Structure formats: structure tokens, C-alpha cells
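Spelled out from the first residue to the last, the chains are:
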Amino acid sequence: MSQHTSSITSSRLEALNHWVAAVAHLTRPDHIHWCDGSEAEAAALRAQMLADGTLLELNQQTHPGCYLHRSTPSDVARVEHLTLVCTRERDDAGPNTHWLAPDEAHAKIDALFDGCMRGRTLYVIPYCMGPIDSPLSRCGVEITDSPYVVANMRIMTRMGAPALARIEREGTFVKGLHSIGELDPERRFIMHFPEELTIKSYGSGYGGTALLGKKCHALRIASWQARQEGWLAEHMLIVGVEDPRGNIHYIAAAFPSACGKTNLSMLIPPEGYRHAGWKVWTIGDDICWMHPGPDGRLYAINPEAGFFGVAPGTDHGTNPNALASIQHDTIYTNVAVTADNQPWWEGLHEGTPVTDWRGRPYDSAHGPAAHPNSRFTVAARQAPSWSPMAEHPQGVPISAIVFGGRRPSLVPLVFQARDWAHGVLVGAAMGSETTAAATGAVGVLRRDSMAMKPFCGYNYGDYFAHWLSFDRPGMKLPQMFHVNWFRKGAGGKFLWPGFGENLRVLEWIIGRCTGAAGAQDTPIGLLPRASDLHSEGLALREGALDELLAVDLDGWASEVSDIGQYLDSFGTHTPARLHAERERIAAAIERARGALPHAKVAS
Ligand code: SAT
Ligand code: MN
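If you're wondering where the values come from, they're calculated on a predicted model, not measured in any experiment.

Asker: Any details on the overall build of the protein chain? Residues and values, ideally.
Answerer: Scanning the protein chain from terminus to terminus reveals 17 helices and 32 strands. The principal-axis extent of the C-alpha atoms belonging to the protein chain is close to 75 × 55 × 45 Å. Here the protein chain holds 603 residues, and 61% of them are scored as buried. Counting only contacts in the protein chain whose residues sit at least 6 apart along the sequence, the fraction spanning at least 24 positions is 73%. Of the roughly 22200 Å² of accessible surface on the protein chain, a fraction of 52% belongs to carbon and sulfur atoms. With 53 positive and 64 negative side-chain charges, the protein chain shows a separation of 2 Å between the mean positions of the two kinds.

Asker: Talk me through the site of ligand 1; I want residue IDs and the actual numbers.
Answerer: Taken together, Arg-78, Tyr-206, Gly-207, Gly-208, Lys-214, Lys-215, Ser-257, Phe-308, Arg-375 and Ala-437 are the residues near ligand 1. The backbone of Gly-208 places a nitrogen or oxygen atom 2.8 Å from an oxygen atom of ligand 1. Contact distances for ligand 1 include 2.7 Å between an oxygen atom and a side-chain N or O atom of Ser-257. Protein contacts shield 98% of the accessible area of ligand 1, which totals 250 Å² for the unbound molecule. Residue composition of the shell around ligand 1, grouped by class: three nonpolar, three polar and four charged.

Asker: Any details on the sheet that holds strand 2 (residues 56-57)? Residues and values, ideally.
Answerer: As summarised here, the arrangement of the five strands in space is 2-3-19-23-18, forming an open sheet in which the pairing is mixed. Here the strands that pair on one side only, and so sit at the sheet edges, are strand 2 and strand 18 (306-310). Bridge analysis of strand 2 against strand 3 (residues 67-69) gives two bridges, and the strand direction is antiparallel. Looking at strand 3, one finds that Leu-56 is bridged to Leu-68.

Asker: Please provide a residue-by-residue account of helix 12 (residues 420-428), values included.
Answerer: For helix 12, a buried count of nine out of nine residues is recorded, marking the element as mostly surrounded by other parts of the structure. By the N-cap criterion, in which a side-chain oxygen at the helix start approaches the backbone nitrogen of a residue two or three places on, helix 12 is capped by Asp-419, the distance to Ala-421 being 3.4 Å.

Asker: Can you break down the packing of aromatic side chains residue by residue, with the values?
Answerer: Here the structure, examined in full by the defined rule, presents 22 aromatic pairs. Between Phe-415 and Trp-556, the ring centres sit 6.1 Å apart and the planes meet at 85 degrees, which makes this aromatic pair edge-to-face. With a gap of 141 residues between them, Phe-415 in strand 25 (residues 414-416) and Trp-556 in helix 16 (residues 553-568) connect regions that are remote in the sequence. As far as burial versus exposure is concerned, Phe-415 and Trp-556 are alike and both buried. If you follow Lys-215 out to its NZ or CZ, it ends over the ring of Phe-455, 4.3 Å from the centre.

Asker: So what's going on with the coordination of the manganese ion (ligand 2)? Which residues, and what values?
Answerer: For a metal with four donors in a tetrahedral arrangement, the ideal angle between donors is 109.5 degrees, while six donors in an octahedron ideally sit at 90 or 180 degrees. Every protein donor of the manganese ion (ligand 2) is accounted for by Lys-215 (NZ), His-235 (NE2) and Asp-286 (OD), and the metal-donor separations fall at 1.9 to 2.2 Å. Here the donor residues of the manganese ion (ligand 2) share one chain and are spaced in sequence as K-x19-H-x50-D. Pair noted here: Lys-215 is in helix 8 (residues 213-229) and His-235 is in the loop between strand 12 (232-234) and strand 13 (236-242), with a separation of 20 residues, a long-range link. In this structure, Lys-215 and His-235 share a single accessibility class: buried.

Asker: Describe the packing of helix 12 against helix 17 (residues 576-595), listing the residues and the values that go with them.
Answerer: Helices that pack against each other are described as a pair by the angle of their axes relative to one another and the distance between those axes. At their nearest, the axes of helix 12 and helix 17 sit 9 Å apart, and the two run at 90 degrees to each other. In terms of axis orientation, helix 12 runs roughly perpendicular to helix 17. From helix 12, Ala-421, His-422, Val-424, Leu-425 and Ala-428 reach across to helix 17, where they touch Arg-577, Leu-578, Glu-581, Arg-582, Arg-584 and Ile-585. When the residues that make up the contact of helix 12 with helix 17 are grouped by side-chain class, the tally is six nonpolar, one polar and four charged.

What counts, and at which threshold
Every residue gets a number counted from 1 within its own chain, in the order that chain's sequence is written. Both sets of labels track the order of writing: A upward for chains, 1 upward for ligands. In keeping with the model being predicted, local features are shown solely for residues with a pLDDT of at least 70 and side-chain atom pairs are shown and tallied solely at 80 or more, while totals for entire chains, interfaces and linings include all residues. Computation of side-chain values: all heavy atoms of the structure, hydrogens and water removed. We count a stretch as a helix when DSSP gives it H or I for four or more residues in a row; a strand needs E for two or more, and each element gets its number in order from the N terminus. Burial classes: relative accessible area under 20% of the type maximum marks a residue as buried, over 50% as exposed, and values in between as partly exposed (1.4 Å probe, protein chains only). Should any heavy atoms of two residues lie within 4.5 Å, those residues are counted as being in contact. Per-residue and other accessible areas were derived by the Shrake-Rupley procedure at a 1.4 Å probe size, with only the shown protein chains allowed to occlude residues. Charge assignment in this entry is limited to Lys and Arg as positive and Asp and Glu as negative, and neither His nor the chain termini are counted. Taken as the charge location is NZ of Lys, CZ of Arg, CG of Asp or CD of Glu. Any residue with a heavy atom lying within 4 Å of a molecule or strand is counted as near it. Here a polar contact is recorded for every N or O atom pair within 3.5 Å, except that within protein the pair must consist of a potential hydrogen donor and a potential acceptor, and residues adjacent in sequence are included only if both atoms are side-chain atoms. Put simply, Ala, Val, Leu, Ile, Met, Phe, Trp, Tyr, Cys and Pro go in the nonpolar bin, Asp, Glu, Lys and Arg in the charged bin, and everything else, Gly too, in the polar bin. Here, strands pair whenever DSSP counts at least two bridges between them. Whether two aromatic rings pair depends on their centres lying within 6.5 Å, for rings of Phe, Tyr and Trp, where Trp uses its six-membered ring; planes under 30 degrees apart make the pair stacked, over 60 edge-to-face, and the rest tilted. Charge over a ring is defined by NZ of Lys or CZ of Arg lying within 6 Å of the ring centre and within 35 degrees of the ring normal. Distances decide who is a donor: an N, O or S atom must be within 2.8 Å of the metal, or within 3.2 Å for Na, K and Ca. Water is not included, so sites may look incomplete. To get an axis, fit a line to the C-alpha atoms, keeping to the stretch in contact for a helix; angles then go from 0 to 180 degrees between the N-to-C directions. Throughout, the term roughly parallel applies to angles under 35 degrees, roughly antiparallel to angles over 145, roughly perpendicular to angles from 65 to 115, and oblique to all others.

Printed below as a string of C-alpha cells:
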């Protein structure tokens with residue numbers, strides 16, 4: 001059903017046709033192609049990209065259906081300072097976003113779009129975020145001049161004819177206009193107009209800035225829609241943990257980009273757990289949309305259909321499920337290749353790189369062989385741990401919400417919030433070291449509330465209030481937790497092994513939800529004692545668990561004071577309840593410090 005016409009005949013699609021015509025008038029493409037999502041269409045685009053070098057074939061014996069894309073070296077990650085939220089009122093966007101007035105923003109970016117598709121094809125990509133038949137899903141249409149974007153959107157979303165049919169039925173959709181432009185960092189913007197449900201992105205071909213269904217739609221625009229409609233659009237993985245009795249608890253967990261969401265969502269249980277019958281089911285690795293259900297629980301869907309995962313570090317030991325998923329039908333971006341043309345990245349124990357991510361002969365003097373933010377794009381159903389519930393139109397009920405960041409010091413392995421308001425504070429106060437997923441310095445500690453700093457489409461103060469609003473009669477809300485896999489000991493080494501062993505922490509979390517696990521009360525929340533964690537078969541350095549479960553009251557006193565300044569930075573938008581919650585904890589810390597001068601509350 002490939003359409004080479006400039007419009008689709010249906011009166012219900014009038015708004016879409018008008019918009020496509022207006023964009024074509026502005027951008028002047030040579031051709032317009034309406035994507036139907038078919039295999040024939042994908043094959044034709046692939047052939048075209050192989051012919052023009054956009055894609056390179058990888059070893060088809062070892063990696064059937066796998067291709068490599070090398071991006072422009074200056075276009076390998078998100079660019080936060082060029083990512084704008086354009087609301088009529090500046091205050092609605094808040095100090096957490098970069099803001100520009102809508103008129104000025106449109107004028108600025110439309111000048112870049114003017115004539116930019118001359119000599120190119122304009123692709124119209126209708127897509128659905130979420131299972132095609134789910135009432136929780138939302139549709140969009142991306143216009144792009146990049147066939148690489150089309151190929152990735154076909155993996156990452158439900159794209160093509162069924163999405164167009166749903167748009168025709170519903171009449172509403174998010175508009176996303178994208179052009180790679182000249183791929184010039186000086187002529188690059190990613191603009192969001194939440195009031196118009198519109199995205200305009202120019203000058204980048206990188207995933208998070210070019211696959212508009214992902215961060216732009218499913219987080220920035222959707223967070224705005226979610227606030228208006230009473231749900232949550234979050235930067236969270238969704239994982240199902242099945243215990244030996246066959247009960248499955250679903251956990252949603254927020255971590256900043258490149259902090260192991262994909263790994264946690266596909267975790268392989270440690271041997272003892274596997275023998276006992278524990279299983280882990282993947283629902284999503286990056287984005288979670290949660291709606292209150294009729295029973296007052298929060299039900300979550302993964303709006304995506306694929307994984308856009310970080311390649312470096314993915315190996316048999318760290319994420320065998322991801323490694324198994326990406327052996328076939330995968331698009332690799334900016335990885336290195338071996339002499340026999342297999343994809344390679346740092347942390348992969350098999351193979352030797354001969355060509356680096358830029359296509360140069362590999363020389364360690366030039367830095368890593370694969371870019372630290374090199375990625376794989378793969379259909380979620382290729383993961384051995386993919387849950388059949390991921391396609392369920394009602395979503396899965398969430399038992400626990402987990403927040404976590406890279407905190408080399410202070411923050412314990414895990415603690416539970418006392419109640420929802422405390423949990424919202426814990427999420428709001430989240431801090432993490434920056435990673436290679438965005439341009440700029442790596443390893444700098446910054447506040448990243450709910451891991452949404454780069455993705456919240458409106459004022460964080462209002463966002464905190466929206467989170468608090470779920471605490472109302474009739475709701476059966478998840479328990480909330482904070483974890484830290486990244487704590488370092490005196491020698492700078494990680495104290496916790498992470499990866500599969502994280503299941504021990506998830507087991508405690510589930511035990512807290514069901515009432516089976518014990519905890520001790522501390523001023524910062526409820527912590528497991530060492531004896532509350534299942535540690536059989538766990539090899540830790542002497543004293544590491546005590547260090548991981550200790551509460552450094554002096555350190556927390558200054559952390560909580562810093563959190564106060566952070567909350568103040570959102571002015572009157574910060575809910576009074578959040579201030580009160582912070583003050584309650586500050587007072588509890590002071591009381592404990594008074595009782596135990598300079599002491600730590602040890603496990
Ligand atoms: O922004 S991307 O979606 O490309 C990756 C990330 O930062 O999570
Ligand atoms: Mn992400």
C-alpha cells in the first residue's frame with residue numbers, strides 16, 4: 001500500500017493532509033512518501049541506504065539483518081542546550097527547561113526548514129506510541145527527510161497503516177517535523193510546542209533528537225498531556241519479577257540515560273534465584289506511561305516497540321538478554337567493527353576492533369573504538385525476556401516505583417519512602433552524575449528529578465504537584481524506593497556488583513510491598529538490615545554491605561539542605577507539601593544527630 005501521492009483521500013485525515021501540504025510547501029521536497037510500515041517498503045529503503053552509504057552491511061553470517069550507521073561525529077548524543085520548550089508563558093516551561101516564545105521559536109526554526117528538503121524525499125510516518133489497540137496509547141505523525149529515521153521508527157514504534165487508521169478514527173495526533181538539515185551543530189534545534197502538540201527538530205540525525213516518537217513525543221509532549229489528563233509519562237523502565245510461586249510484581253524504575261535501565265529491565269537472576277524459579281520479564285527499558293485504573297492502582301504501558309540501547313558494556317556477563325536480542329535484525333549506530341565485519345564495542349569480550357566508530361583504522365590513541373554513546377536499535381520482541389503482557393491494552397499494575405542515580409557516595413544501596421509524599425520528594429531530590437547520552441561534561445553530579453531533567457515538558461514545580469495529586473482517596477498507590485547501584489568504596493571501586501545481583505534488592509522491594517520483608521526506620525526512610533537482604537551466594541568485599549546500608553547523618557544533613565535550595569529554585573511552583581516533607585526529614589536527621597553525636601545509623 002505504498003503511497004507516492006502527496007495526500008491520502010479521507011475527510012477524517014484533512015488536518016493531516018493540510019499539514020503535510022504546508023510542510024511540503026515550506027521544505028520543497030522532490031518526493032513525498034507516505035510510510036505504510038510494510039516489509040517491502042523497509043526493504044526498498046534499506047537498499048537505497050546501502051547504495052548511498054547511510055547503512056553499511058555487517059557480517060550477514062554472524063549477524064543476519066544487521067546494519068551499521070555512522071553518524072556525523074558532531075551528532076552522537078542529545079544536545080540539551082538546543083532542546084527548547086516553547087510555551088506561551090515562560091513560567092509554564094519553568095527553570096528546568098530552555099524556553100523560547102512560540103512565535104519567535106517558529107520563525108527561527110521555519111527559516112531553517114525553508115527549502116531544506118530540495119533534492120530529498122519527505123517521508124510521512126504515522127505511528128502509535130503503545131499497543132495499537134490500547135486506550136492508553138497515543139498517536140503521532142513524524143515528517144522527516146531521513147530514511148534512517150524511518151527505519152528506526154519502524155522498530156521503535158507501531159508505524160504505518162494501522163497507526164494511520166487509528167489517527168483517522170481519533171482525528172488527533174502529535175505533529176513532529178524533522179529534517180537532518182546540514183547536520184551542523186550551529187544550525188540545530190529541537191523545539192517543543194506542547195500547547196500545539198507540535199515538535200520541530202532540525203539539524204540532527206541522532207536517536208533522541210530525530211526519532212520524534214521517543215523523548216520528544218513520549219516524554220516532553222506526553223508529560224504535558226499527562227498532566228492535563230491525569231496520568232504520568234515517565235523516563236522509566238518497566239520490569240515484571242516472577243517469584244517461585246508464579247506471582248509477578250511489576251516495577252517501574254527511573255534512572256537517567258545510560259545508567260542501566262536496559263540492563264535492569266532484562267536482568268538475568270543469579271544462579272540460586274534461577275534454580276529456585278525466579279524469572280524476569282521485560283515490558284520496557286526507557287519510557288513508562290501510567291494511568292490510574294478503575295481499582296485505584298496505576299497501570300503502565302511501554303509506549304515503545306523497540307530498544308534504543310547503549311552498546312558499550314553490553315556483554316554475556318552484563319546483559320545476555322540484550323546481547324541475544326541484537327544478533328539479528330538490528331541497526332547499530334557508531335559502534336566499531338572487527339576484521340570480519342562484526343559489530344564491536346568496549347566491554348564486548350569477543351572479537352577485536354579494526355575499524356573505529358568513525359570508520360578510521362582503530363588506534364587506541366584516538367580514544368575508544370565504539371563511541372561511548374553508540375547504540376543498537378532492535379525490536380523489543382527479539383528479547384528472550386520480552387513479556388507477553390507488554391502488548392496488553394490495559395497495561396500492567398505497578399507494585400513499586402523505584403528512583404535511582406549514579407551516586408558514588410552517601411546514598412545507600414536501597415531505601416523505602418514512608419509514603420507517597422515522601423516518595424515524591426525522594427524522586428524530586430534525585431541526583432546523578434552526567435553520562436555520554438548528552439553532549440557536555442561526563443561525571444558531574446546534578447539534580448535530575450525523576451530522571452526527567454532533560455525530558456519534562458513543563459515546570460518541575462508543577463510536575464511535583466502533579467505527582468502529589470495522585471495521593472487521594474480511592475487510590476492504591478505503589479510503594480516508592482530509591483536505589484544506588486553506583487556507590488564506590490575508598491579505593492574508588494564499586495561496592496555493589498550490580499547487574500543480575502540487583503534482583504536481591506528487587507526481592508526486598510517486592511517483600512516490602514507484600515509485607516514479607518523487614519526494615520529499620522531511619523531519618524531518611526526505611527532501610528533493610530543486612531539480614532533483611534537475601535545474601536546467599538553473594539560475594540562482597542568485607543564490610544561492603546555495612547557501608548552500603550549505612551546512613552551518614554552528617555552527610556545527609558547537608559544533602560537535605562542542598563535539596564531545600566533546589567526546591568526553592570522553582571519558586572512558588574514548588575508545592576508546600578514537598579517543602580514540609582523535606583523539613584520533616586531535616587528535623588528527623590537533626591534529632592538523630594543530637595541523640596548520637598557524629599554517629600552513623602549503622603545496619
Ligand atoms: O535520548 S535518547 O533517547 O537517544 C537516549 C537517552 O538519552 O536515553
Ligand atoms: Mn532514556
